[in-house]
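A structural walkthrough
As a plain string of letters, each chain reads:
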Amino acid sequence: MNAPYPPPPPPPAAGRDRTTLWGILGIVTGLLCCGILGIVFGYLSIRDAKRFGKSPLLGWLAIAFGVINLIASAIIRSRGNYYSPYWYR
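In short, a report on the structure.

Rules used in this analysis
Residues numbered from 1 in each chain as written. Predicted model: local features only at pLDDT ≥ 70, side-chain atom pairs only at ≥ 80, totals over all residues. Heavy atoms only, no water. Phe/Tyr/Trp six-rings, centres within 6.5 Å; stacked < 30°, edge-to-face > 60°. Helix = DSSP H or I, 4+ residues; strand = E, 2+ residues; numbered from the N terminus. Buried < 20%, exposed > 50% of the residue type's maximum accessible area, 1.4 Å probe, protein only. Patch = residues over 30% accessible without salt bridge, like charges linked within 9 Å, V, L, I, M, F, W, Y side chains within 5 Å. Areas by Shrake-Rupley, 256 points an atom, 1.4 Å probe, with all protein chains shown as cover. Salt bridge = Lys/Arg side-chain N within 4 Å of Asp/Glu carboxyl O. Contact = heavy atoms within 4.5 Å. Axes fitted to C-alpha atoms, helices over the stretch in contact; angles between N-to-C directions. Parallel < 35°, antiparallel > 145°, perpendicular 65-115°, else oblique. Left-handed = near helix turned anticlockwise from the far one by under 90°. Nonpolar A, V, L, I, M, F, W, Y, C, P; charged D, E, K, R; others polar.

Below, the discussion takes up the packing of aromatic side chains. Per the counting criterion, the structure on display carries one aromatic pair. Both rings, one in W22 and one in F41, keep their centres 5.6 Å apart while their planes meet at 20 degrees; by these two values the pair is stacked. One end of the pair, W22, is in helix 1 (residues 19-32); the other, F41, is in helix 2 (residues 35-52), and 19 residues separate them in sequence. Residue W22 shares its accessibility class with F41, and that shared class is buried.

Printed below as a string of structure tokens:
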């Protein structure tokens, strides 16, 4: 006796897929300037990846780089080796 084939998976949610955009923005901002923005963009990338059935790798990388940026910034500032006109010692 042959079993019927399972139904096809549902189509992805309607809307614009910005998974890659959020992931790349998160990686760039997490590496270069602002760790908090990297974490936020990484979260948005993971959220869209789940919604559209894509890989959340870029989002996880963005979060990792954002956290590394925050930790490195805290260490540099605590040692007193950081000079910026916006942060007075």
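What follows covers a nonpolar patch on the surface. On the surface, I24, V28, L31 and L32 cluster together to form a nonpolar patch covering roughly 400 Å² of accessible area. The topology assignment puts L31 in helix 1.

Residue position: Y43 is located in helix 2. For the pair Y43 and G59, spaced 16 residues apart in sequence, the C-alpha separation works out to 6.2 Å.

For the rest of this paragraph, the subject is the pattern of salt bridges. Applying the stated rule across the entire model yields three salt bridges. In this structure, the salt-bridge partner of R47 is D48, at a minimum N-O distance of 3.6 Å. Judged by relative accessible area, which is 3%, D48 ranks as buried.

This paragraph deals with the side chain of N69. By the secondary structure assignment, N69 is in helix 3 (residues 57-79). Judged by its relative accessible area of 12%, N69 falls in the buried class. Leave out the neighbours within four places in its chain, and N69 touches T29, G30, L31, L32, C33, C34 and G35.

With respect to the secondary-structure elements, S45 resides in helix 2. A relative accessible area of 0% means that S45 is categorised as buried. In contact with S45, not counting residues within four places along its chain, are T19, W22, G23, L58 and G59.

Another aspect to go through is the environment of I36. Along the chain, I36 turns up in helix 2. Taking C-alpha positions, I36 is 7.8 Å from V67, a pair spaced 31 residues apart along the chain.

In the contact formed by helix 1 and helix 2, the axes pass within 7 Å of each other and the chain directions differ by 160 degrees. When the axis of helix 1 is compared with that of helix 2, the two are roughly antiparallel. Helix-helix and strand crossings are classified by hand; for helix 1 and helix 2 the assignment is left-handed. Here T19, W22, G23, L25, G26, T29 and G30 of helix 1 come into contact with helix 2, specifically with G35, L37, G38, F41, L44, S45, D48, A49 and F52. For the contact of helix 1 with helix 2, the residue count by class is seven nonpolar, eight polar and one charged.

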